[in-house]
Amino acid sequence: MINYSAVPSPCYVLEESRLKYNLEILNKVQKEGNAKVICALKGFSFWKTFPLVSKYLSGATASSLNEVLLASHKMGKEIHVCAPAYRKDEFSQILRRASHITFNSFSQWEMFKKETLKKKVSAGIRINPEFSTVGVDMYNPAGRYSRLGVTRKEFKPMLLDGIEGLHFHALCEQDTDALEAVLDRVEANFGEWIPKMKWINFGGGHHITRAEYDVKKLIDILKKFHKRYPGIEIILEPGEAVGWQTGELVSTVLDIVRNEINIAILDVSITAHMPDCLEMPYRPAILDSAMLGIKKYTYRLAGNSCLAGDIAGDYSFDKPLEVGSKIIFADMIHYTMVKTTFFNGVKHPSIGIWKNGKFHLVREFSYNSFRDKLS
Ligand SMILES: *Cc1c(COP(=O)(O)O)cnc(C)c1O
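Thresholds, definitions, all that
Starting from 1, residues in each chain are numbered consecutively following that chain's sequence as written. Only residues with pLDDT of at least 70 get local features here, since the model is predicted, and only at 80 or more are side-chain atom pairs given and counted; chain-wide, interface and lining totals rely on the full set of residues. With hydrogens and water excluded, all non-hydrogen atoms of the structure serve as input to the side-chain values. Think of it this way: any DSSP run of H or I at least four residues long counts as a helix, any run of E at least two long counts as a strand, and we number them from the N terminus. Computation of the radius of gyration draws on C-alpha atoms, with the globule rule given as 2.2 Å multiplied by the number of residues to the power 0.38. Summary of the burial criterion: residues with accessible area below 20% of their type's maximum are buried, those above 50% are exposed, and those between are partly exposed, where the area comes from a 1.4 Å probe applied to protein chains only. We call two residues in contact when some of their heavy atoms are within 4.5 Å. Surface exposure here means Shrake-Rupley accessible area, sampled with a 1.4 Å probe, where a residue is shielded only by the protein chains that are shown. For this count, His and the chain ends are skipped, Lys and Arg are scored as positive, and Asp and Glu as negative. For this purpose, a charge sits on NZ of Lys, CZ of Arg, CG of Asp or CD of Glu. Whether two strands pair comes down to DSSP finding at least two bridges between them. To get an axis, fit a line to the C-alpha atoms, keeping to the stretch in contact for a helix; angles then go from 0 to 180 degrees between the N-to-C directions. Helix span is expected to be 1.5 Å times the residue number reduced by one. Each C-beta atom gives one direction from the helix axis, and the arc is the one those directions make. Aromatic rings from Phe, Tyr and Trp, taking only the six-membered ring of Trp, are treated as a pair when their centres fall within 6.5 Å; an angle between ring planes under 30 degrees marks them as stacked, one over 60 as edge-to-face, and anything in between as tilted. The rule is short: NZ of Lys or CZ of Arg within 6 Å of the ring centre and within 35 degrees of the ring normal puts a charge over the ring. Neighbouring residues are identified by heavy atoms, a residue being near a molecule or strand if any of them is within 4 Å of it. As used in this structure description, the phrase polar contact means that two N or O atoms lie within 3.5 Å; if the pair is within protein, one of them must be able to donate a hydrogen and the other to accept it, and residues adjacent in sequence are counted only when both atoms belong to side chains. Amino acids are sorted into nonpolar (Ala, Val, Leu, Ile, Met, Phe, Trp, Tyr, Cys and Pro), charged (Asp, Glu, Lys and Arg) and polar (every other residue, Gly among them).

Draft legend 1. Region of interest: the overall build of the chain. For the chain, the count of helices and strands is 11 helices and 18 strands. For the chain, whose C-alpha radius of gyration is 22 Å, the value lies close to the compact-globule estimate of 21 Å for 375 residues. Judged by the C-alpha coordinates and their principal axes, the chain covers about 65 × 45 × 45 Å. The burial tally for the chain puts 54% of its 375 residues in the buried class. In the chain, of all internal contacts separated by at least 6 residues, the share reaching a separation of at least 24 is 67%. Of the roughly 17700 Å² of accessible surface on the chain, 51% is carried by carbon and sulfur atoms. Side-chain charges in the chain split into 49 positive and 42 negative, and the spacing between the mean points of these groups amounts to 6 Å.

Dropping the structure here:
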């Protein structure tokens, strides 16, 4: 249990024991499902924890040269790369470190085929199942006109020479029934080419570490897939499931103002430090709070930027808030620090780890960090 009064504000704080718990579940999937689980850096790049992550997982998925370098410097193990398009001027640096590389189109494969084969990096092609049960368009990689992956209509079997893998990614925070439905479509559209492959990547979006997720069912799906396609290697690349509920964003009330309602201004910004709350949008959970009007004292919680909409929502509490009250945003480790900005120059939350009953500060941001992002 984190003692939040020992944590500076603002700060993202990860509890190591909770990360271990997730990694053990993911490792069980690897072992019992005979699959590789790798960490999608897009969702979880908390590299101070990578020595621990790499004890359990098989490597990382990178989507850019920067992520490739991070995986190479901080994780080691296998580096799988998957991006919408590669730049010519970065490609050789990526290849030098990659074990597997997925091309988003046959034109990119044609462009980089020679170099890839020469470096003996295992090449794959991303396919678009044109089916997904993701409800939010912003997070649906298989929606109409999606640029992500080759559709059956655009698939060019005569260009598959040298391709060893297929990759699909069509889930977002989903369960095994969604995976089964997508897998059905993948096999219906691309099934004839699966036996010719060495590996197939089932992408991310598997909410494996969420309490209600049916891990046994996932293992069963993997086993059955192995039976249908003997000898193929299965790869899963979750990001969110690695960091799911492993820590919080600690913030503090700086002022309480009134404009018909009570509004608490925090030392964090929703748009700068929890951008998915506004992008998706969703209401972040806050420890010891309830919906508007349920508990006795209700406040609108707002960020410390000049954006009018920099608001988390209306929350109620048992006790009145005061200047200095701690507000703890739950589950703020995945997709937060990888997406933060220095908008308005708002003080960037520090990064820390709670481990063996103690707080360990691992990063602070200063004026220099802000200045050096600009010019
Ligand atoms: C985003 C993404 C992932 C990780 O998704 P999560 O929802 O974080 O599990 C994996 N693979 C690809 C190709 C992605 O775009």
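Draft legend 2. Expanded view of the sheet that holds strand β5 (residues 78–82). Read from one edge to the other, the open sheet built from 9 strands follows the order β2-β10-β9-β8-β7-β6-β5-β4-β3, with strand pairing classed as parallel. Two strands bound the open sheet, and with one partner strand each, they are β2 (35–37) and β3 (39–40). Of the strand pairs in this sheet, β2 and strand β10 (residues 233–236) are connected by 3 bridges, and their pairing is parallel. By the bridge assignment, Lys 36 is partnered in β10 with Ile 235. Along the sheet, helix α3 (residues 65–75) contacts β3, β4 (59–62) and β5; its crossing angle with β4, the most-contacted strand, is approximately 165 degrees.

Draft legend 3. Structural context of helix α7 (residues 215–228). Taking 1.5 Å per residue as the helical rise, α7 with its 14 residues ought to reach 20 Å, and the 20 Å between its terminal C-alpha atoms agrees with that figure. Three or more residues of α7 are buried, namely Val 215, Leu 218, Ile 219, Ile 221, Leu 222, Phe 225 and His 226. With its buried residues spanning 155 degrees around the axis, α7 presents them on a single face. Of the residues in α7, the exposed ones pointing more than 90 degrees away from the buried face are Lys 216 and Lys 227. Buried residues along α7 sit against α1 (16–33), β2, α6 (176–190), β9 (199–201) and β10.

Draft legend 4. Up close: the packing of aromatic side chains. Taken as a whole, this structure holds 17 aromatic pairs when the rule is applied. Geometrically, the ring pair formed by Phe 342 and Phe 365 is edge-to-face, given 6.4 Å between the ring centres and 70 degrees between the ring planes. Within this pair, whereas Phe 342 is found in the loop between β16 (326–329) and β17 (350–355), its partner Phe 365 is found in the loop between β18 (358–363) and α11 (367–372), the two being separated by 23 residues in sequence. For Phe 342, a relative accessible area of 16% puts it in the buried group. When its relative accessible area of 23% is taken as the criterion, Phe 365 is described as partly exposed. The ring of Tyr 315 carries Arg 283 above its face, with NZ or CZ at 3.8 Å from the centroid.

Draft legend 5. Summary view of the site of the ligand. Every residue lining the ligand is accounted for by Ala 40, Lys 42, Arg 126, His 167, His 169, Gly 204, Gly 205, Glu 237, Pro 238, Gly 239, Glu 240 and Tyr 335. Between the ligand and Lys 42, the relevant distance is 2.8 Å, taken from an oxygen atom to a side-chain nitrogen or oxygen of the residue. Between the ligand and Glu 237 there is a distance of 2.8 Å, counted from a nitrogen atom to a side-chain nitrogen or oxygen. Coverage of the ligand by the protein chains reaches 90% of its 390 Å² of free accessible surface. Here the shell around the ligand is built from residues that sort into 3 nonpolar, 5 polar and 4 charged.

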